[in-house]
Amino acid sequence: MPGACPCYRWRQPIVVGHTTAIGYSACLRYRSRMFLSVATTHRPATDLGFLLHKHPDRLHETDLSFGKAWLFYPEATEERCEAALLLDVDPVGLVRGKGQSEGLLDQFVNDRPYAASSFLSVALNKMLRTAMTGISKERQELADSELPLEAVVTPLPTRGDEVLVRSLFEPLGWTVDLTPIEGIGGAAGEPRYGHLKLTGTGRLSALLNHLYVLIPVMDDAKHYWVGEAEIDKLLSKGEGWLENHPAKDLIVRRYLGNRRALARIALERLAPETAGEAQPAEPRVTPEEALETPIRLNDLRMDAVVHAIRATRGTTVADLGCGEGKLLDRLVRERWIHKLFGLDPAARELEWAAKRLKLNELGGPPEGRVTLLHGSLTYRDSRWAAADVAVLVEVIEHLDEDRLPLVERIVFGETAPKSVIVTTPNADYNALFPRLVPGAFRHPDHRFEWSRAQFQAWTAKIGEIYGYAATFSGIGAEDPTLGAPTQMAVFTR
């Protein structure tokens with residue numbers, strides 16, 4: 001039997017997302033996109049179609065609130081059968097507010113549309129929900145049997161932590177083969193992404209449930225708001241294996257978006273005998289904040305930024321990447337500021353900002369003085385174009401460097417406020433943090449951290465291209481050799 005992918009059988013082009021495939025060899029090129037596959041060599045291997053409830057001779061597709069998913073069979077023979085799930089996330093749709101039912105981006109725009117994450121888990125559940133229950137009308141005995149299985153997930157965010165990946169899958173009986181994807185480095189140059197291959201013997205439904213839970217755990221992020229309903233999903237998909245997993249606490253915490261209260265409830269339901277016992281306290285601050293707290297860097301940074309804004313004499317300010325609204329909370333007390341915008345791609349962060357600012361509540365700012373906007377810096381947004389001052393506080397380092405030119409064009413070129421204020425960590429100073437490993441970044445989500453020379457070179461480029469002049473200053477206690485922990489540039493057009 002020939003391979004069952006439609007483009008192989010009929011040699012006709014099919015379009016998947018932005019990719020046109022012709023022939024079986026073209027299908028294999030999908031592996032460079034967000035991709036998950038499962039395969040078996042149990043004979044007849046084509047019975048995999050009965051277990052997945054997806055016919056090998058067809059191309060299956062489903063619409064998602066954040067894009068589209070396809071399932072096809074690159075190989076379907078008696079000896080080996082492979083089903084591939086391809087996910088195409090629509091980044092434009094995400095930042096334009098689509099997808100309210102599934103949620104929205106949970107981090108500043110970076111690799112979310114391209115790397116295996118909770119998007120892939122949602123697609124897996126929608127496409128193969130019945131298979132994940134272990135029910136097969138035609139082959140129930142096979143569904144209950146342990147089969148030789150292989151799974152591939154790529155590109156998988158690993159941030160160089162192969163030990164974590166092994167600690168999640170090996171206790172479940174899967175052999176882990178993690179191949180780094182070279183060319184995109186993280187701290188100390190280690191690859192941040194990998195090609196994960198799992199092999200072993202087990203029930204297909206168990207493998208699918210393991211992947212559903214553990215893909216977002218490895219990514220340590222979710223693209224949608226995590227509420228109590230996620231506990232039921234976790235316990236359902238984790239039934240029969242999660243309660244005895246040696247990394248249970250870590251899996252629960254990360255799957256539930258590091259929300260301490262939800263994790264405690266889930267762990268108590270997994271082990272009712274522990275209910276009511278004292279739980280170890282978990283830090284509520286980010287790794288970066290933990291490093292910087294002893295030197296009060298966040299307070300000093302806010303003071304410096306407010307002072308810099310005041311010096312520009314601007315009265316309409318846009319906080320780009322506002323997060324939970326710490327800077328906005330400071331600025332809303334300043335009477336000389338007439339209008340504030342807060343832009344962030346994370347709906348959850350904006351919810352926290354609204355609560356912090358008491359928007360539409362008694363004692364909050366007057367209606368219309370503060371506007372929170374869900375959106376991305378990588379797309380032009382006229383909603384904050386009236387700002388005469390734009391502020392990016394510890395934002396640019398969360399973007400992949402190859403995305404920066406796009407942000408530069410939006411902020412400095414197309415919107416072009418009179419003043420732009422940018423702060424970012426000074427990588428030179430990192431050597432003075434005793435708990436920071438040499439070469440590491442202050443936060444695991446940082447894509448880069450610049451030295452003072454690199455930051456000044458970047459600002460010079462901005463000035464040359466977009467006609468801004470910049471002044472530099474340090475924030476925090478300054479070391480004679482390594483400078484201050486934070487560096488700030490104030491651009492004036």
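Residues numbered from 1 in each chain as written. Predicted model: local features only at pLDDT ≥ 70, side-chain atom pairs only at ≥ 80, totals over all residues. Heavy atoms only, no water.

Draft legend 1. Layout of the overall build of the chain. Secondary structure assignment for the chain yields 18 helices and 16 strands. A buried classification covers 55% of the 493 residues belonging to the chain. Taking the intrachain contacts of the chain between residues at least 6 apart in sequence as the baseline, contacts between residues at least 24 apart amount to 71%. (Helix = DSSP H or I, 4+ residues; strand = E, 2+ residues; numbered from the N terminus. Buried < 20%, exposed > 50% of the residue type's maximum accessible area, 1.4 Å probe, protein only. Contact = heavy atoms within 4.5 Å.)

Draft legend 2. The packing of aromatic side chains, seen in detail. Within this structure, the stated rule accounts for twelve aromatic pairs. Ring centres of W458 and F491 lie 6.0 Å apart, and the angle between their planes is 90 degrees; this geometry places the pair in the edge-to-face category. Taken together, the residues W458 in helix 18 (residues 452-466) and F491 in strand 16 (residues 486-492) connect sequence positions 33 residues apart. Accessibility expressed as a relative area gives 0% for F491, which makes it buried. Taken together, the aromatic side chains of F412, F448, W450, F455, W458, Y466, Y468, F472 and F491 make up a single cluster linked through ring pairs. Above the ring of F50, the side-chain terminus of R139 is found at 4.0 Å from the ring centroid. Lying across the ring of Y212, K237 places its NZ or CZ 5.2 Å from the centre. (Phe/Tyr/Trp six-rings, centres within 6.5 Å; stacked < 30°, edge-to-face > 60°. Lys NZ or Arg CZ within 6 Å of the ring centre and 35° of its normal.)

Draft legend 3. Representation of helix 9 (residues 204-219) within the structure. Taking 1.5 Å as the rise per residue, helix 9 with 16 residues should run 22 Å; its terminal C-alpha atoms sit 23 Å apart, in good agreement. Counted residue by residue, helix 9 has 16 buried out of 16 residues, so it is predominantly covered. (Expected span 1.5 Å × (residues − 1).)

Draft legend 4. Structural detail: the sheet that holds strand 7 (residues 147-157). Strand order in the open sheet formed by seven strands is 4-5-6-3-7-9-8, and the pairing between neighbours is antiparallel. The sheet terminates laterally at strand 4 (60-64) and strand 8 (175-180), the two strands that pair on one side only. The sheet shows a mean angle of 15 degrees between the axes of neighbouring strands, direction not considered. As paired strands, strand 8 and strand 9 (residues 193-202) are joined by six bridges and run antiparallel to one another. The residue bridging T175 from the neighbouring strand is T199, located in strand 9. (Pairing = 2+ DSSP bridges. Axes fitted to C-alpha atoms, helices over the stretch in contact; angles between N-to-C directions.)

Draft legend 5. The arrangement of the pattern of salt bridges in detail. Per the counting criterion, the structure on display carries 22 salt bridges. Between E79 and R43 there is a salt bridge, and its shortest N-O distance comes to 3.3 Å. Separated by 36 residues along the polypeptide, E79 in the loop between strand 5 (67-76) and strand 6 (81-89) and R43 in the loop between strand 3 (35-40) and helix 3 (48-52) bring together distant segments of the chain. With a relative accessible area of 56%, R43 lands in the exposed category. Measuring nitrogen to oxygen at the nearest pair gives 3.5 Å for the salt bridge that ties D47 to R139. One end of the pair, D47, is in the loop between strand 3 and helix 3; the other, R139, is in the loop between helix 6 (129-133) and helix 7 (140-143), and 92 residues separate them in sequence. (Salt bridge = Lys/Arg side-chain N within 4 Å of Asp/Glu carboxyl O.)

Draft legend 6. Broad picture of the confidence of the model for the chain. Looking at the chain, the pLDDT average stands at 81 and 79% of residues meet or exceed 70. In the predicted structure, residues 1-32 sits below a pLDDT of 50 and forms 63 contacts with residues beyond four places in sequence or in another chain. Within the model, the stretch residues 273-285 combines pLDDT values under 50 with ten contacts to residues more than four positions away or in other chains. (pLDDT = per-residue confidence, 0-100.)

Draft legend 7. A look at the side chain of T486. The topology assignment puts T486 in strand 16. For T486, a relative accessible area of 0% puts it in the buried group. Setting aside its immediate chain neighbours within four residues, T486 contacts L297, R301, E394, T423, T424, N426, R442, S473, G474 and I475.

Draft legend 8. Looking closely at the pairing of strand 12 (residues 370-374). Bridge analysis of strand 11 (residues 339-344) against strand 12 gives five bridges, and the strand direction is parallel. Bridge assignment links F341 to a residue of strand 12, and that residue is T371. Running through helix 16 (residues 347-357), the crossover from strand 11 to the neighbouring parallel element strand 12 is right-handed. (Right-handed = clockwise from strand over helix to strand, strands pointing away.)

Draft legend 9. Inspection of the pairing of strand 3 at higher detail. The buried count for strand 3 comes to six of six residues, which makes it a mostly enclosed element. Neither face of strand 3 is left uncovered, since the one carrying F35, S37 and A39 and the one carrying L36, V38 and T40 both have all their residues buried. Where strand 3 and strand 7 come together, six bridges link them in antiparallel fashion. The partner of V38 across the bridge, within strand 7, is A151.

Draft legend 10. A look at the sheet that holds strand 14 (residues 419-425). Across the sheet, which stays open at both edges, the seven strands sit in the order 12-11-10-13-14-16-15 with mixed pairing between neighbours. Strand pairing shows two members of the sheet lacking a second neighbour, strand 12 and strand 15 (469-475), which therefore form its edges. Across this sheet, the average inter-strand angle for adjacent strands is 15 degrees, counted without regard to direction. Across the face of the sheet, helix 18 comes into contact with strand 14, strand 15 and strand 16 while running at roughly 10 degrees to strand 16.

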